[in-house]
Amino acid sequence: MAKKKGKELPTVGVVGSGSFATAIVKMLLENAKLVHWCVRNEFVKGALELRGHNPNYLTSVTFDVKKLKLTTDVNELVSACDIIVLATPSIYLADAIEKMTCDYEGKLFVSAIKGIVPKHNDVVAHYLRDVFKIGFRSQAVIAGPCHAEEVAMERLSYLTIAAAEKEHIDALRELFTSDYIKVSCSKDILGNEYSAILKNIYAIAAGIASGLGYGDNFNAVLVSNAIREMELFLDAVYPEHREVNDSAYLGDLLVTAYSLFSRNRNLGNLIGKGYTVKSAVQSMSMVAEGYYATRGIYEIAFEKKLKTPIINTVFSILYEGKDAEKQFKKLTEKLT
């Protein structure tokens, strides 16, 4: 274990080699003397070892390779670490960790994933519980608002860490806090996870609106309706005392809906400009989690008979082939 200010820091590893995984490794190395990192393939591993940066994402970030323990074997990483941060896109999570055959009892699994696991059509917390028998007391969630690109530039960013156990919250706060990372804490594991998924869908809606030519006035109304819709959804799927105006909910929604770094907003913008959904998805260099999450979230809302006009509109465009302009014209009549 590494030490910080006389304290023992747990051994930590990151699974995933995309932009947010790369940002997480950078954050952790502010405090940890060594970070274990399970990357996608030997090419990424070799490039990091040779040049000290991820060849595909956040290439401006240079790592001291002596502080990295690189591997492509998830079992090697899990066996060596007390804390495992899962930071793959949701569509690749099952492929990454269903190879896990080592003993993981007593380990803390931290989800930095903001999407639905498609193979199981469920959030990561439920997937870990149901498939791996990892209970909520052995889980944590990292929420934003925190864009990987701004972490790379060391611009002041904020994380919300949700966990059931105080000792886990304290350990993660020690690992992540730095001059440019501020950490807030929560016990609302599922609420933070669902809100991180929902804000991506709302960001697609904001992007579509922008691509269609709607202005700031409309988007302000869209986002204010989105936070109310989010609160309705969260209360239905996981009733808990929470303040949706907190940074993890409203703050993350705002940055994802408005930021030019937002891949979900950018996906929506392409669709609004006239790209087909398929061509817009294929043109993205990174995974837009909101696209894959929309179907599962729509089905939950439908099953629970929730009034979610923004989710319904995005679903109709992405999965029913409906015309974006016509669907948004209808949506304008439902917003207040």
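What counts and what doesn't
Residues numbered from 1 in each chain as written. Predicted model: local features only at pLDDT ≥ 70, side-chain atom pairs only at ≥ 80, totals over all residues. Heavy atoms only, no water. Disulfide = S-S within 2.5 Å. Buried < 20%, exposed > 50% of the residue type's maximum accessible area, 1.4 Å probe, protein only. Salt bridge = Lys/Arg side-chain N within 4 Å of Asp/Glu carboxyl O. Helix = DSSP H or I, 4+ residues; strand = E, 2+ residues; numbered from the N terminus. Core = buried A, V, L, I, M, F, W, Y, C linked by side-chain atoms within 4.5 Å. Axes fitted to C-alpha atoms, helices over the stretch in contact; angles between N-to-C directions. Parallel < 35°, antiparallel > 145°, perpendicular 65-115°, else oblique. Left-handed = near helix turned anticlockwise from the far one by under 90°. Contact = heavy atoms within 4.5 Å. Nonpolar A, V, L, I, M, F, W, Y, C, P; charged D, E, K, R; others polar. 1 Å grid on protein atoms, 1.4 Å probe; cavity = no way out; pocket = protein on both sides within 12 Å on 5 of 7 lines; lining within 4 Å. Points joined across faces, edges and corners; volume = space filled by probe spheres on them. Pairing = 2+ DSSP bridges. Arc of directions from axis to C-beta. Polar contact = N/O pair within 3.5 Å; in protein donor to acceptor, adjacent residues only side chain to side chain.

This paragraph deals with the state of the cysteines. A full pass over the atoms with the stated rule returns zero disulfides. You can see Cys38 has no disulfide; the closest cysteine sulfur is in Cys81, sitting 10.0 Å from it. Overall, the relative accessible area of 7% leaves Cys38 in the buried class. The structure places no disulfide on Cys185, whose sulfur is separated from the nearest cysteine sulfur, that of Cys146, by 14 Å. Residue class for Cys185 comes out partly exposed when judged on its relative accessible area of 34%.

With that out of the way, let us pick up the pattern of salt bridges. Per the counting criterion, the structure on display carries twelve salt bridges. A salt bridge links Glu49 to Lys45, with the nearest nitrogen and oxygen atoms 3.0 Å apart. Placement of both Glu49 and Lys45 in helix 2 (residues 42-51) is noted, with a separation of four residues, approximately one turn of the helix. One salt-bridge network, in which partners are shared between bridges, spans Lys166, Asp170 and Arg173.

Moving on: the nonpolar core. Within the largest apolar cluster, 52 residues are counted, with the highest numbers of intra-cluster contacts made by Phe233 and Ile297. Elements supplying a minimum of two residues to this core: helix 8 (189-212), helix 9 (216-237), helix 10 (247-258), helix 11 (263-272), helix 12 (277-283), helix 13 (289-303), helix 14 (309-319) and helix 15 (324-332). Of the residues forming this core, the biggest block, eleven residues, is contributed by helix 8. Leu28, Leu48, Val61 and Leu70 belong to the second-largest nonpolar core, a separate cluster that totals 44 residues.

The subject of this paragraph is the packing of helix 8 against helix 14. For the pair helix 8 and helix 14, the least separation of the axes is 10 Å and the interaxial angle reads 70 degrees. The orientation of helix 8 with respect to helix 14, classified from their angle, is roughly perpendicular. Our pair here, helix 8 against helix 14, has a crossing hand that is left-handed. Where helix 8 approaches helix 14, its residues Leu198, Ile201, Tyr202, Ile204, Ala205 and Ile208 are matched on the opposing element by Ile310, Ile311, Val314, Ile317 and Leu318. Considering only residue class, the contact of helix 8 with helix 14 consists of eleven nonpolar, no polar and no charged.

Attention now moves to the environment of Phe176. Of note, Phe176 is situated in helix 7 (residues 166-176). Leaving out residues up to four positions away in the same chain, Phe176 has contacts with Ile24, Met27, Leu28, Asn31, Ile142, Leu159, Ile161, Ile181 and Val183.

Empty space within the largest pocket amounts to approximately 530 Å³. In terms of lining, the largest pocket is formed by 32 residues, of which the most central are Ser19, Phe20, Arg263, Val287 and Glu289. Elements with a minimum of two residues in the lining of the largest pocket: helix 1 (19-28), helix 6 (148-152), helix 8, helix 10 and helix 11. The class makeup of the residues in the lining of the largest pocket is 15 nonpolar, ten polar and seven charged.

This part takes up unusual backbone geometry. Gly144 connects to Pro145 through a cis peptide bond whose omega is 10 degrees. Mapping Pro145 onto the fold places it in the loop between strand 8 (139-143) and helix 6. Of note, the phi angle at Asn121 is positive, near 50 degrees, even though the residue is not glycine. In this fold, Asn121 is placed in the loop between strand 7 (108-111) and helix 5 (124-132). Judged by its relative accessible area of 38%, Asn121 is partly exposed. In this model, Glu154 sits at a positive phi of 60 degrees, which is unusual for a non-glycine residue. Counting through the fold element by element, Glu154 comes out in the loop between helix 6 and strand 9 (157-163).

So, on to the sheet that holds strand 4 (residues 35-38). Read across the open sheet, the eight strands follow the order 5-4-3-6-7-8-9-10; overall the sheet is mixed. A single partner strand is all that each edge strand has here, and the edge strands are strand 5 (68-71) and strand 10 (181-186). Adjacent strand axes in the sheet meet at a mean angle of 25 degrees when their direction is disregarded. By the bridge criterion, four bridges tie strand 4 to strand 5 in an arrangement that is parallel. Its bridge partner being in strand 5, Val35 is matched across the sheet by Leu68. Most of the contacts of helix 8 go to strand 8, to which it runs at about 40 degrees, and overall it touches strand 7, strand 8, strand 9 and strand 10.

The subject of this paragraph is helix 15. Given 3.6 residues per helical turn, the α-helix brings residues three or four places apart onto the same face. Taken residue by residue, helix 15 has Ala324, Gln327, Phe328 and Leu331 as its buried positions. Projected onto a plane normal to the axis of helix 15, the buried residues spread over an arc of 95 degrees and lie on a single side. Across helix 15 from its buried face, at more than 90 degrees, point the exposed residues Glu325, Lys326, Lys329 and Lys330. Residues of helix 15 that are buried sit in contact with helix 8, helix 9 and helix 14. With a side-chain oxygen positioned 3.2 Å from the backbone nitrogen of Glu325, the residue opening helix 15 is Asp323.

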